[in-house]
Amino acid sequence: MLDLPFLPFCVLLGGLGFVCVAFVSAWCQHWRGGFALDGSAQTFNWHPVLMVTGMVVLYGAAALVYRLPSTWSGPKLPWKVLHGALALAAFGLAVLGLAAVFRFHNDHGTPNMYSLHSWLGLATVLLFSCQWLAGFSAFLLPWAPAWLRALYKPVHVFFGSTILMLSVASCVSGINEKLFFSLKNGTTEYKRLPAEAVFANTLGLLILLFGVLVLGALARPSWKRPDADSPDSCQPLLTAER
């Protein structure tokens, strides 16, 4: 990876995340007719925007909380809460994104859960929900003993990266599926690469780049938080001192 200090890398990554959200919003606004809450095609347009914002950008930010140098010393509990809160916000947006697509399908008599994209996306969100609940129970509630937290931590880290990869795959496959469905019947066919296809394909590449950079940052040893065995590193939320 580019030899760049972590904080400038975060600024670069934050800018890339903003561009991803701006691109998916512009795609849905300019080419797909904007947004609505009435069950129309414009209701569907909330789906890609919420999924990219939540399951890719916010989730990526949550994954990198413990790479911030300011988390390397002092109490770990506030960073645990921030990590969990960002992940919960990402999950909330994902649920709203699923509600949008199911509302659109049901109002138009379109079958649900028949494509590979839908299977992959729903599996990712369900895995994410299990990951969040397990992390909350193990690291923020008082009943998990220290040995259990230590045992579960590498599992939590592994599935955190896995969920991000699945999220990126779901978003990219969803963009491709939407283009195949939309660019036909009176429009320029996808294979002729109209402006919308170029724009949406670029969005897919930007999402992929964002995911790769987050995974690269997570894998970089020099950016990992020193795993000090301080009492606070195992302190649950409900027993914190007031």
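Coordinates for the structure precede this section.
Being a predicted model, the structure only gives us computed values, none of them experimental.

Student: Just checking my understanding: could you explain the state of the cysteines for this structure?
Tutor: Here, the word disulfide means a covalent bond between the sulfur atoms of two cysteines. Under the criterion given, the structure shown has zero disulfides. The thiol sulfur of C10 is not disulfide-bonded, and the nearest other cysteine sulfur, from C20, lies at 15 Å. Given the relative accessible area of 24%, C10 is considered partly exposed.

Student: Can you walk me through the layout of surface pockets in this structure?
Tutor: Vacant regions in the atomic arrangement are exposed by a probe of water-molecule size rolled over the atoms. Empty space within the second largest pocket amounts to approximately 740 Å³. Lining the second largest pocket are 35 residues, and of these F44, H47, V101, H117 and E177 lie nearest its centre. Taken together, the elements giving at least two residues each to the lining of the second largest pocket come down to α2 (41-44), α3 (46-63), α4 (77-107), α5 (116-139) and α6 (146-182). If you tally residues by element for the lining of the second largest pocket, the top one is α6, at eight residues.

Student: Sorry if this is basic, but what is going on with the packing of helix α1 (residues 6-30) against helix α7 (residues 195-219) here?
Tutor: In a pair of packed helices, the angle between the axes and the distance between the axes together describe the arrangement. As a packed pair, α1 and α7 sit with axes 10 Å apart at the nearest point and diverge in direction by 150 degrees. Compared by their axis directions, α1 and α7 come out roughly antiparallel. Considering only the axes of α1 and α7, their crossing is left-handed. Contact with α1, carried on its side by F9, L13, L16, G17, V19, C20, F23, V24, A26 and W27, involves E196, F199, A200, T202, L203, L206, I207, L209, F210, L213, V214 and A217 of α7 and no other residues of that element. Its residues placed into classes, the contact of α1 with α7 shows 19 nonpolar, two polar and one charged.

Student: Help me understand α5, please; the structure alone is not making it clear to me.
Tutor: Each full turn of the α-helix corresponds to 3.6 residues, which orients residues three or four apart in the same direction. Relative to the 34 Å expected for 24 residues at 1.5 Å per residue, α5 spans 34 Å between its end C-alpha atoms, a close match to the ideal helical length. The set of residues buried in α5 consists of H117, S118, G121, T124, V125, F128, S129, Q131, G135, A138 and F139. On its buried face, α5 is in contact with α3, α4 and α6.

Student: Would you take a moment to explain the pattern of salt bridges for this structure?
Tutor: Where charged atoms from two side chains of opposite charge come close, those side chains can pair. In this structure the tally under the stated criterion is three salt bridges. Put simply, D107 and R103 hold a salt bridge, and the shortest N to O gap is 2.9 Å. Taken together, the residues D107 and R103, both in helix α4 and four residues apart, mark about one turn of the helix. Classification of D107 as partly exposed rests on a relative accessible area of 44%. Relative accessible area serves as the criterion here: at 36%, R103 is assigned to the partly exposed category.

Student: Help me understand the side chain of S167, please; the structure alone is not making it clear to me.
Tutor: Locating S167 in the fold gives a position in helix α6. Note on S167: relative accessible area 2%, which makes it buried. Beyond its immediate stretch of four places on either side in the chain, S167 contacts M55, V56 and T124.

Student: Looking at this structure, how should I read the packing of aromatic side chains?
Tutor: Here the distance between the centres and the angle between the planes together describe a pair of aromatic rings. On inspection of all chains with the given rule, the structure shows 13 aromatic pairs. Both rings, one in W31 and one in F199, keep their centres 5.0 Å apart while their planes meet at 45 degrees; by these two values the pair is tilted. Linking W31 in the loop between α1 and α2 with F199 in helix α7, this pair joins segments that are 168 residues apart in sequence. The class for W31 is partly exposed, based on a relative accessible area of 28%. Here F158 and F159 contribute two aromatic rings whose centre-to-centre distance is 5.2 Å and whose plane-to-plane angle is 80 degrees, an arrangement assigned as edge-to-face. Overall, the relative accessible area of 51% leaves F158 in the exposed class. Relative accessible area serves as the criterion here: at 31%, F159 is assigned to the partly exposed category. One cation-aromatic arrangement involves K76 over Y66; the distance from NZ or CZ to the ring centre is 5.2 Å. Its guanidinium or amino end placed over the ring of W223, R220 lies 4.4 Å from that ring's centre, counting from NZ or CZ.

Student: I tried to follow the nonpolar core on my own but got confused; where do I start?
Tutor: General note: in soluble globular proteins, nonpolar side chains tend to be found buried as a group. Ranked by size, the top nonpolar core spans 44 residues in total, and within it W27, I207, F210 and V214 carry the most contacts. Of all the elements in the fold, those that place two or more residues in this core are α1, α3, α4, α5, α6 and α7. Ignoring any residue separated from it by four or fewer positions in sequence, one finds F210 in contact with L13, L16, G17, C20, V56, V57 and G60.

Basis of the calculations
- Residues numbered from 1 in each chain as written.
- Predicted model: local features only at pLDDT ≥ 70, side-chain atom pairs only at ≥ 80, totals over all residues.
- Heavy atoms only, no water.
- Disulfide = S-S within 2.5 Å.
- Buried < 20%, exposed > 50% of the residue type's maximum accessible area, 1.4 Å probe, protein only.
- 1 Å grid on protein atoms, 1.4 Å probe; cavity = no way out; pocket = protein on both sides within 12 Å on 5 of 7 lines; lining within 4 Å.
- Points joined across faces, edges and corners; volume = space filled by probe spheres on them.
- Helix = DSSP H or I, 4+ residues; strand = E, 2+ residues; numbered from the N terminus.
- Axes fitted to C-alpha atoms, helices over the stretch in contact; angles between N-to-C directions.
- Parallel < 35°, antiparallel > 145°, perpendicular 65-115°, else oblique.
- Left-handed = near helix turned anticlockwise from the far one by under 90°.
- Contact = heavy atoms within 4.5 Å.
- Nonpolar A, V, L, I, M, F, W, Y, C, P; charged D, E, K, R; others polar.
- Expected span 1.5 Å × (residues − 1).
- Salt bridge = Lys/Arg side-chain N within 4 Å of Asp/Glu carboxyl O.
- Phe/Tyr/Trp six-rings, centres within 6.5 Å; stacked < 30°, edge-to-face > 60°.
- Lys NZ or Arg CZ within 6 Å of the ring centre and 35° of its normal.
- Core = buried A, V, L, I, M, F, W, Y, C linked by side-chain atoms within 4.5 Å.

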